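Letter by letter, the chains look like this.
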Amino acid sequence: MNFSENVHFELESKGMLIKELSATTGISENTLKSYLKSDSAEPKATNAVAIANALGVSVEYLVTGKNAKGENFSAKTRLAAQIFESLPQNDQDSVMALLKEMKKHI
């Protein structure tokens, strides 16, 4: 995934609007919208850092889709994480218990 797709995903998963990202980063809404176009150029480094900080992710992740360990998260994995985060705490605990049990059998 590219910068635009990763920012879109993070905005959606956090329920954040471009307007809110703009207010947090100090980057104009029009500039942010230009970064979100699929054929757009990537932002200058200072803007990428501001966006990553506002979204609570690394710049590397926004640019490459990989975390600091170089792990690439598929769209399926990211969707699962998004769904998991939206669950009530007791359901998250149940899912984690199930995953831990399943891992024992791998």
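Cut-offs used in this document
- Per chain, residue numbering runs from 1 following the sequence as it is written.
- Local features in this predicted model are restricted to residues whose pLDDT is 70 or higher, and side-chain atom pairs enter the listing and the counts only when it is 80 or higher, whereas totals over whole chains, interfaces and linings include all residues.
- The side-chain values count all of the structure's non-hydrogen atoms but skip hydrogen atoms and water molecules.
- Think of a 1 Å grid over just the protein atoms. A cavity is a set of points where a 1.4 Å probe fits yet cannot get out, a pocket is an open set with protein on both sides within 12 Å along at least five of seven lines, and lining residues have an atom within 4 Å of a point.
- Grid points are joined across faces, edges and corners, and a volume is the space filled by probe spheres set on the points.
- Only DSSP runs of H or I reaching four residues or more are called helices, and only runs of E reaching two or more are called strands; each is numbered from the N terminus.
- Charged means Asp, Glu, Lys or Arg here, nonpolar means Ala, Val, Leu, Ile, Met, Phe, Trp, Tyr, Cys or Pro, and polar covers whatever is left, Gly included.
- Relative accessibility decides the category of a residue: with a 1.4 Å probe and only protein chains considered, values under 20% of the type maximum give buried, values over 50% give exposed, and everything between is partly exposed.
- By construction, the arc corresponds to the directions joining the helix axis to the C-beta atoms.
- When checking whether two residues touch, look at their non-hydrogen atoms; a contact exists if any pair is within 4.5 Å.
- Fitting a line to C-alpha atoms yields each axis, with helices limited to the stretch in contact; the angle taken between N-to-C directions then spans 0 to 180 degrees.
- Oblique is the label for any angle not under 35 degrees, not over 145, and not in the 65 to 115 range, which are roughly parallel, roughly antiparallel and roughly perpendicular in turn.
- Two helices cross in a left-handed way if the nearer one is turned anticlockwise from the farther one by less than a right angle. They cross in a right-handed way if the turn is clockwise.

Asker: Would you mind going over the layout of surface pockets with me for this structure?
Answerer: Summary: where empty space remains is shown by rolling a probe the size of a single water molecule over the atoms. Its boundaries defined by the atoms lining it, the largest pocket holds a volume of some 190 Å³. Taken together, 12 residues line the largest pocket, and the ones lying closest to its centre are Phe-9, Glu-10, Lys-14, Val-57 and Tyr-61. Those elements that place two or more of their residues in the lining of the largest pocket are helix H1 (3–14) and helix H6 (75–86). In terms of residue class, the lining of the largest pocket is made up of five nonpolar, three polar and four charged.

Asker: Would you take a moment to explain helix H4 (residues 45–55) for this structure?
Answerer: Residues lying three or four places apart along an α-helix face the same way, a consequence of the helix completing one turn every 3.6 residues. Within H4, burial applies to Asn-47, Ala-48, Ile-51, Ala-52, Ala-54 and Leu-55. Buried residues of H4, viewed axially, fall in a sector of 165°; they line one side. Turned more than 90 degrees away from the buried face of H4, the exposed residues are Ala-45, Thr-46 and Asn-53. Next to the buried residues of H4 lie H1, helix H2 (18–25), helix H3 (29–35) and helix H5 (59–64). At the C-terminal side of H4, Gly-56 shows a positive phi close to 75°.

Asker: Just to check I follow, could you spell out the packing of H1 against H4 for this structure?
Answerer: Between two packed helices, what matters for the description is the angle formed by their axes and the separation of those axes. Orientation of H1 relative to H4, taken along the N-to-C sense of each, is 25°, at an axis distance of 11 Å. Of the possible angle classes, the one that applies to H1 and H4 is roughly parallel. Along this stretch, H1 crosses H4, giving a crossing that reads as left-handed. Residues Phe-3, Val-7, Glu-10, Leu-11 and Lys-14 of H1 form the contact with H4, whose own contacting residues are Ala-48, Ile-51 and Leu-55. Considering only residue class, the contact of H1 with H4 consists of six nonpolar, no polar and two charged.

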